[in-house]
Amino acid sequence: MSSIPLDKMSWPDTLGHEPRLEEDFQDFKAGLNEIEAETEANRCIHCYEAPCIQACPTAINIPQFIGRIGSGNTLGAAKTILESNILGHSCALSCPTEVLCEGACVYHHLNHKPIMIGRLQRFAVEHAYKTGAKFFVPGEPTGKRVALIGAGPASLACAHELRRLGHEATVYEKSALPGGLNSYGIAPYKMKTGVSLVEIEQIATLGVQFKFGEELGRTFQLSELVDSYNAVFLGLGLGPDSHPPIPGDDHPRVRGAVEFISQLKTLPSASLNWVRELRSALVVGGGNTALDACRELKGLGIPSVRVSYRRGQAEMSGYLHEFKSALQEGVEFHFNTVPVSFTSRTENSIQVEFSQTRITHDGSITVVPTGSFVEVELVLFATGQSNFSKSKNLFAEIPGLEFDRGKLKIDPNTGQTGNPKIFSGGDLTNGGKEVVNAVSDGKRAAHGIHEVLIHG
Ligand SMILES: Cc1cc2nc3c(=O)[nH]c(=O)nc-3n(C[C@H](O)[C@H](O)[C@H](O)COP(=O)(O)OP(=O)(O)OC[C@H]3O[C@@H](n4cnc5c(N)ncnc54)[C@H](O)[C@@H]3O)c2cc1C
Ligand code: SF4
């Protein structure tokens with residue numbers, strides 16, 4: 001789809017040429033061809049104060065880009081999209097459009113199908129990438145230098161905007177590849193890692209510098225960057241998978257869902273042959289990561305995939321449309337249940353003991369033993385990621401950084417933390433939302449930084 005082949009990119013460890021398991025997945029929303037795109041675009045009635053724009057965290061001028069597709073100006077459409085959201089390709093593929101732009105489309109009130117905004121956005125941006133179109137140039141150099149920590153969507157959007165404003169931007173990333181969860185976490189039936197990397201290459205060409213294998217708190221300290229740069233952006237996202245301790249959870253087949261998904265996406269499939277041989281798996285949790293994980297396991301052909309969630313279906317934080325798709329694909333859901341112990345049967349199989357849960361009048365959960373057991377070959381915990389609020393060593397000796405219920409506190413208008421030189425955004429500050437929120441936060445912080453560096 002892109003004019004840039006993966007092996008021509010600037011990333012040091014660009015996925016290699018070996019097959020990866022994520023390549024087994026087909027896109028669950030197919031792309032549109034030119035006729036389909038123009039026909040769909042011409043259904044849009046270009047609403048005044050369009051609700052779809054208001055529902056988009058990056059406020060893309062949706063009726064404008066749709067109008068441009070309708071009139072055959074596809075490059076112009078892509079420009080409209082990327083002006084507001086430089087990760088417009090990822091967002092077209094991975095945004096929950098059902099609850100954002102498309103969820104707000106007026107056609108719902110007219111009892112018609114909403115406009116396929118996500119698929120039109122994909123059509124426009126893919127066309128632009130195929131033609132090799134470039135829409136952005138770096139701004140007039142200001143001589144100011146900004147360091148960004150973490151190469152996820154928040155930092156990438158911030159770095160891109162900083163370059164357009166003429167500031168130098170250097171990204172410090174602990175992993176070998178850029179993109180954060182956009183490269184390592186998005187379900188492969190929505191977007192593949194290579195697509196994320198190609199998109200980031202467009203950002204790199206604006207002169208953003210990347211330093212890989214650089215981990216805050218291990219290979220460098222925050223104070224060093226605060227001293228040597230004019231401003232610092234923290235885009236660390238969230239930490240590793242976390243789950244309550246359960247007896248037997250040290251079994252090698254009991255794992256974190258985010259870690260498992262990242263392996264599925266980026267490791268050669270030859271190192272994951274055991275995954276193809278699985279016959280049964282259990283996913284614990286009721287959020288979007290649980291729904292992604294169970295659908296991915298089913299997509300790999302595992303016959304029995306169960307989800308155990310400690311509350312009822314109505315309380316699941318995962319999207320209803322994803323839940324319905326998982327049901328259709330044959331995932332079994334067990335509500336008001338929790339695993340309470342894991343007993344190793346063999347190296348490859350685990351007996352899981354479940355209890356029933358009851359929600360008390362104050363909303364807390366009590367556990368009622370039922371003595372029910374199930375044997376599975378893989379358990380994935382999708383019960384949340386840890387946050388950095390307790391990682392005191394990361395922010396040692398830096399005044400002004402405060403957390404509120406696990407989220408780093410920032411000024412909501414500028415992204416500035418309590419330390420005037422440090423800005424932030426994305427999952428680190430919102431506790432874990434979507435790619436599009438991280439992009440919006442990163443862009444906002446770039447303008448906050450610009451204001452301080454130029455006028456402050
Ligand atoms: C399994 C999963 C599936 C998801 N699916 C979707 C989806 O379909 N659609 C959607 O819109 N959103 C999805 N999300 C959410 C989305 O991926 C995140 O909201 C988004 O990536 C947050 O961006 P970020 O830049 O804040 O953080 P991240 O993407 O987490 O990036 C943070 C970066 O910081 C780096 N880092 C961390 N610590 C350090 C350190 N000490 N030193 C240096 N670097 C460090 C990390 O390696 C990473 O590259 C999903 C999330 C998960 C977990
Ligand atoms: S709400 Fe729907 S019909 Fe109205 S401008 Fe947006 S996409 Fe077009």
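Given the structure is predicted, the values throughout are model-derived calculations rather than measurements. (Residues numbered from 1 in each chain as written. Chains lettered and ligands numbered in written order. Predicted model: local features only at pLDDT ≥ 70, side-chain atom pairs only at ≥ 80, totals over all residues. Heavy atoms only, no water.)

Engineer: Would you mind showing me how to read the nonpolar core here?
Structural biologist: The nonpolar side chains of a soluble globular protein tend to be buried with one another. Within the largest apolar cluster, 75 residues are counted, with the highest numbers of intra-cluster contacts made by Ile 62, Phe 65, Ile 66, Ile 69, Leu 120, Phe 210 and Ile 449. The greatest single-element share of this core, amounting to 8 residues, is contributed by helix α17 (residues 435–455). Counting contributing residues, this core receives three or more from each of domain 1 (31–131) and domain 2 (145–239 + 389–455). With sequence-adjacent residues up to four places away left out, Phe 210 is seen in contact with Trp 11, Ala 151, Leu 156, Val 171, Pro 178, Ile 200 and Ala 204. Ranked by size, the runner-up nonpolar core spans 31 residues in total, among them Ile 261, Leu 264, Val 307 and Leu 378. (Core = buried A, V, L, I, M, F, W, Y, C linked by side-chain atoms within 4.5 Å. Buried < 20%, exposed > 50% of the residue type's maximum accessible area, 1.4 Å probe, protein only. Helix = DSSP H or I, 4+ residues; strand = E, 2+ residues; numbered from the N terminus. Domains from an automatic or database assignment. Contact = heavy atoms within 4.5 Å.)

Engineer: I'm lost on the site of ligand 2 in this one. Help?
Structural biologist: Lining the immediate environment of ligand 2, one finds 13 residues, of which Cys 44, Cys 47, Cys 52, Cys 105 and Val 106 sit closest. Partitioned by chemical class, the residues of the shell around ligand 2 number 12 nonpolar, 1 polar and no charged. (Near = heavy atom within 4 Å. Nonpolar A, V, L, I, M, F, W, Y, C, P; charged D, E, K, R; others polar.)

Engineer: I keep staring at the sheet that holds strand β6 (residues 280–284) and nothing clicks. Help me out?
Structural biologist: Strand-to-strand pairing in sheets goes through backbone hydrogen bonds, with the strands running parallel or antiparallel. Strand order in the open sheet formed by 5 strands is β5-β12-β6-β7-β8, with parallel pairing between adjacent strands. The sheet terminates laterally at β5 (254–256) and β8 (332–335), the two strands that pair on one side only. Averaged over all adjacent pairs, the angle separating strand axes in this sheet is 25 degrees, with direction ignored. Pairing geometry for β5 and strand β12 (residues 379–381), over 3 bridges, is parallel. (Pairing = 2+ DSSP bridges. Axes fitted to C-alpha atoms, helices over the stretch in contact; angles between N-to-C directions.)

Engineer: Would you mind showing me how to read the pattern of salt bridges here?
Structural biologist: Counted according to the given criterion, the structure contains 24 salt bridges. A salt bridge links Glu 126 to Arg 122; its shortest N-O distance comes to 2.9 Å. Here Glu 126 and its partner Arg 122 are both found in helix α7 (residues 117–131), 4 residues apart, which amounts to about one turn of the helix. Residue classification places Arg 122 among the buried positions, given a relative accessible area of 12%. A salt bridge links Arg 295 to Glu 322, with the shortest nitrogen-to-oxygen separation between them at 2.7 Å. Of this pair, Arg 295 sits in helix α14 (residues 288–299) while Glu 322 is found in helix α15 (residues 320–328), placing the two residues 27 residues apart along the sequence. Across this residue pair, the class does not change: Arg 295 and Glu 322 are buried. Each member of the salt-bridge network shares a partner with another, and the members are Lys 190, Asp 292, Arg 295, Glu 322 and Glu 329. (Salt bridge = Lys/Arg side-chain N within 4 Å of Asp/Glu carboxyl O.)

Engineer: When you look at the domain arrangement of the chain in this model, what are you seeing that I'm missing?
Structural biologist: Much of the literature gives interface size as the accessible area that the parts lose upon coming together. Under the domain assignment used here, the chain contains domain 1 (31–131), domain 2 (145–239 + 389–455) and domain 3 (254–381). Placing a centre on the C-alpha atoms of domain 1 and another on those of domain 2 gives a separation of 27 Å. With 17 residues of domain 1 in contact, the opposing surface of domain 2 contributes 19 residues. In this assembly, domain 1 packs against domain 2 so that about 1,600 Å² is buried in total across both faces, 67% of it on carbon and sulfur atoms. At the junction of domain 1 and domain 2, the tally comes to 1 salt bridge. Between Glu 83 and Arg 164 there is a salt bridge; the shortest N-O distance is 3.5 Å. Scanning the region where domain 1 abuts domain 2 turns up 7 residue pairs in polar contact (both at pLDDT 80 or more). When residues of the side of domain 1 that touches domain 2 are assigned to their parent elements, the largest contribution, 6 residues, is made by helix α5 (residues 88–94). Of the residues contributing to the side of domain 1 that touches domain 2, the split by class is 9 nonpolar, 7 polar and 1 charged. (Buried area = accessible area lost by both parts, 1.4 Å probe. Polar contact = N/O pair within 3.5 Å; in protein donor to acceptor, adjacent residues only side chain to side chain.)

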